[in-house]
Amino acid sequence: MATTNTTKKPAATKAAAPKKSAASADGVAAGKAAGNGQAGPSVQPILNQQFHAPAPLQKYGTVSQRLPIGLDEKTREQSVANLNQMLADTITLRDLYKKHHWQVVGPTFYQLHLLYDKHYEEQSVLVDTIAERIQILGGVAVAMAHDVAELASIPRPPRDREEAPIQVSRLLEAHQIILKNCHDFAQQADESGDDGTNDLLISEVLRANEMQVWFVSEHVVDTPLARAE
Ligand SMILES: [Fe+2]
């Protein structure tokens with residue numbers, strides 16, 4: 001081992017020297033400054049490797065059989081496609097909650113401001129759980145905003161600030177889209193034998209969304225505030 005290391009170090013120094021980069025010059029200077037008369041190892045990070053990237057490790061849309069979890073390829077492909085749709089919509093709903101958390105106005109500001117942020121946090125947990133299920137199945141989880149926007153089925157809201165009842169209506173529409181997909185995707189997962197995906201969609205995604213629908217819906221019930229009619 002010691003012999004191998006001794007032969008490798010001078011080779012690395014020779015290879016770096018002809019480049020005359022600031023990094024290698026600094027490395028040599030640091031080695032000399034250390035008083036050992038030899039260039040020390042370079043601590044320069046190798047930057048900008050993305051511009052010369054080889055083929056990606058795995059293409060989006062493909063499903064590998066890396067993990068032995070007892071599911072065939074067709075089942076994984078179906079679940080990954082459905083879960084990426086669910087992920088894009090859940091990321092969109094999560095961000096819709098944050099938009100409304102910031103922009104809400106009116107006499108119900110305090111309640112809605114806090115409620116929206118609570119639901120944002122809960123949707124964030126779902127986002128992570130869905131994405132990690134996709135990875136476990138051998139897929140590639142959609143992640144970045146522009147890709148999510150292309151995939152999501154929830155309508156795009158305006159950038160403008162809107163009234164609280166409009167905010168609530170948008171949220172309820174988004175929840176309903178997610179919940180309908182939850183039923184469809186869970187049934188498909190059940191029929192194909194993907195129990196883990198079925199359980200995630202029912203026990204976590206569906207339950208959380210139904211609960212949030214309840215809490216949000218009560219803000220658009222037209223009921224007397226002080227005196228019974
Ligand atoms: Fe906040």
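Quick notes on the rules
- Residues numbered from 1 in each chain as written.
- Predicted model: local features only at pLDDT ≥ 70, side-chain atom pairs only at ≥ 80, totals over all residues.
- UniProt positions renumbered as here; feature names shortened; annotations may be inferred.
- Helix = DSSP H or I, 4+ residues; strand = E, 2+ residues; numbered from the N terminus.
- Buried ≥ 20, exposed ≤ 12 C-beta atoms within 10 Å, placed from the backbone.
- Contact = placed C-beta atoms within 7 Å.
- pLDDT = per-residue confidence, 0-100.
- Axes fitted to C-alpha atoms, helices over the stretch in contact; angles between N-to-C directions.
- Parallel < 35°, antiparallel > 145°, perpendicular 65-115°, else oblique.
- Left-handed = near helix turned anticlockwise from the far one by under 90°.
- Nonpolar A, V, L, I, M, F, W, Y, C, P; charged D, E, K, R; others polar.

- The protein chain appears in an unreviewed UniProt entry as Starvation-inducible DNA-binding protein from Hymenobacter chitinivorans DSM 11115.
- The Sequence similarities (unreviewed entry) comment attached to the protein chain in UniProt states, word for word, "Belongs to the Dps family."

Section: the environment of Y120
Moving on, step 1. Relative to the helices and strands, Y120 is located in helix α4 (residues 109-136).
Moving on, step 2. Take Y120: there are 18 C-beta atoms within 10 Å of it, and that puts it in the partly exposed class.
Moving on, step 3. Residues Y120 and H100, 20 residues apart in the sequence, show an inter-C-alpha distance of 10.0 Å.
Moving on, step 4. In contact with Y120, not counting residues within four places along its chain, are R94, Y97, K98 and H101.

Points about the confidence of the model for the protein chain
Moving on, step 1. Mean pLDDT for the protein chain: 88, with 83% of residues reaching 70 or above.
Moving on, step 2. Below a pLDDT of 50 lies the segment residues 1-35, which in the model reaches 22 contacts outside its immediate sequence neighbourhood of four places, other chains included.

Brief notes about the packing of helix α3 (residues 73-103) against α4
Moving on, step 1. Two elements in contact, α3 and α4, have axes whose closest approach is 8 Å; the angle formed by their N-to-C orientations is 160°. Classed by the angle they form, the pair α3 and α4 counts as roughly antiparallel. Considering only the axes of α3 and α4, their crossing is left-handed.
Moving on, step 2. Along the lines of polarity and charge, the residues of the contact of α3 with α4 split into 14 nonpolar, eight polar and four charged.

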